Amino acid sequence: MNYLERTDMIIIPGPGSVKLGVNVATEMGLAAHPVKHRIFPDGGSYIRFTSSVEGETVVIIQTTAPNPNRRVMELLFMARTAHELGAERTICVTPYLAYTRQDKRFMGGEVLSLDIVLNFLNHSKVDDLILVDAHSEESLRIIQRKHNVNVHNVSAIPYLAMYLRENGFKGAYSLSPDKGAIHLVESAARVIGGEYGYFEKIRDRNTGEIEMKTKDIDLSRQNAIVFDDIISSGNTTARAVQGLKKQGAEKVAAACTHALFMENAENIILKAGANPIVVSDTVDADVGAIKVSVAKVIAEKLLELL
Ligand code: R5P
């Protein structure tokens, strides 16, 4: 059945993703039904659905940054409420899922946050969860097995790469700041058409300090791009940009899926010599970077699931 003929599906943008949620609905030729939302004086969230969900396949679109704790809580509120009000199936689209980096006990006694978040989603009766460039697909799969939620991971990287290919970076060298993100540059390089590689990154678990060991790559007269899943403080990307410059790269771009961009991140990266910075809209960040939308890739995945 053509999706436009479906009447038993409803798209609900949550407070974290109003713009992206409306764009996904538009991509699918459907109306969006954003929730009513306000913050109580004590900081808690009030949410009310604006249309009936009874008997529907409900698609809740809610990212979880900035304000990860509030946004995760709101996601759970909406998912559980959809179930209680009679939704037939609940699909949560959480373009950026907070806590995906805390997917292991790196030190004894640590909270396994990702496991607990998935457990909550399971108890909120979420059937499917769509993420964009989940931090570690491997950890996600291991943790997913413990819970009754089907997790689907889509990627913004080919879209970021397409933008860069069309804007002066065709054939550029694609670099991941660490080995864990090598799959990102593999997929970017398929679009860009150049070579790819990674730097050795060592993070001190106590202080968060990063040591980045550069590999010997000769990049003279070549353009290069740093791809990462997340830019938070900007330090990782900035170090990688500097490393590429040191190795002779001419123009260096920085690209990431989740633009968390804490404090001075954008300036740190620009100062390191990156131009342009290209990010996706999984997080509704107020940044000067060029934005490439994930609305289409999310809409395509939803169509596949329906
Ligand atoms: C870590 O493994 C991630 O892939 C990113 O490299 C990291 O989150 C970036 O953080 P920051 O911008 O604070 O250096």
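To be clear, the structure that these remarks concern was listed above.
None of the values given here were measured: they were computed from a predicted structure.

*Asks:* Which residues make up the pattern of salt bridges, and what values do they have?
*Replies:* Summed over the entire model, instances satisfying the criterion amount to eight salt bridges. Of the charged contacts in the structure, one is a salt bridge between Glu-74 and Arg-71, with a shortest N-O distance of 2.8 Å. Taken together, the residues span about one helical turn, with Glu-74 and Arg-71 both in helix α2 (residues 68–84) at a distance of three residues. Assigned by exposure class, Glu-74 and Arg-71 land together as buried. Among the salt bridges present, the one from Glu-84 reaches Arg-80, with a minimum N-O distance of 3.2 Å. Note that Glu-84 and Arg-80 are positioned in helix α2 at a spacing of four residues, about one turn of the helix.

*Asks:* An account of the side chain of Ser-17 is needed here, citing residue identities and associated values.
*Replies:* One can find Ser-17 in the loop between β1 (9–13) and α1 (18–27). Residue Ser-17 is classed as buried on the basis of its relative accessible area of 4%. Side-chain polar atoms of Ser-17 contact the backbone nitrogen of Thr-63, separated by 2.9 Å. Setting aside chain neighbours within four positions, we find Ser-17 in contact with Ile-61, Gln-62 and Thr-63.

*Asks:* Go over the nonpolar core with me, naming the residues and quoting the values.
*Replies:* The biggest cluster of nonpolar side chains holds 62 residues, and the ones touching the most others in it are Val-58, Ile-60, Leu-121, Leu-129, Leu-175, Leu-244 and Phe-261. The greatest single-element share of this core, amounting to six residues, is contributed by α2. No fewer than three residues from each of domain 1 (3–155 + 294–305) and domain 2 (157–281) sit in this core. Counting residues in each nonpolar core, the second largest holds 22 residues, with Ile-61, Val-93, Val-294 and Val-297 among its members.

Basis of the calculations
Think of each chain on its own: its residues are numbered from 1, step by step along the sequence as written. In keeping with the predicted nature of the model, local features appear solely for residues at pLDDT of at least 70, side-chain atom pairs appear and are counted solely at 80 or more, and the whole-chain, interface and lining totals rest on all residues. With hydrogens and water stripped out, all remaining heavy atoms of the structure feed into the side-chain values. Any carboxyl oxygen of Asp or Glu that lies within 4 Å of a side-chain nitrogen of Lys or Arg is treated as forming a salt bridge with it. We count a stretch as a helix when DSSP gives it H or I for four or more residues in a row; a strand needs E for two or more, and each element gets its number in order from the N terminus. Exposed residues in this analysis have more than 50% of their type's maximum accessible area, buried residues have under 20%, and partly exposed residues fall in between, with area computed by a 1.4 Å probe over protein chains only. Here a polar contact is taken to be a pair of N or O atoms separated by no more than 3.5 Å, where protein atoms must pair a possible hydrogen donor with a possible acceptor and residues adjacent in sequence count only if both atoms sit in side chains. We call two residues in contact whenever any of their non-hydrogen atoms come within 4.5 Å of each other. The set of buried Ala, Val, Leu, Ile, Met, Phe, Trp, Tyr and Cys residues whose side-chain atoms join them within 4.5 Å is what this entry labels a nonpolar core. Each domain's extent was defined by an automatic or database domain assignment.

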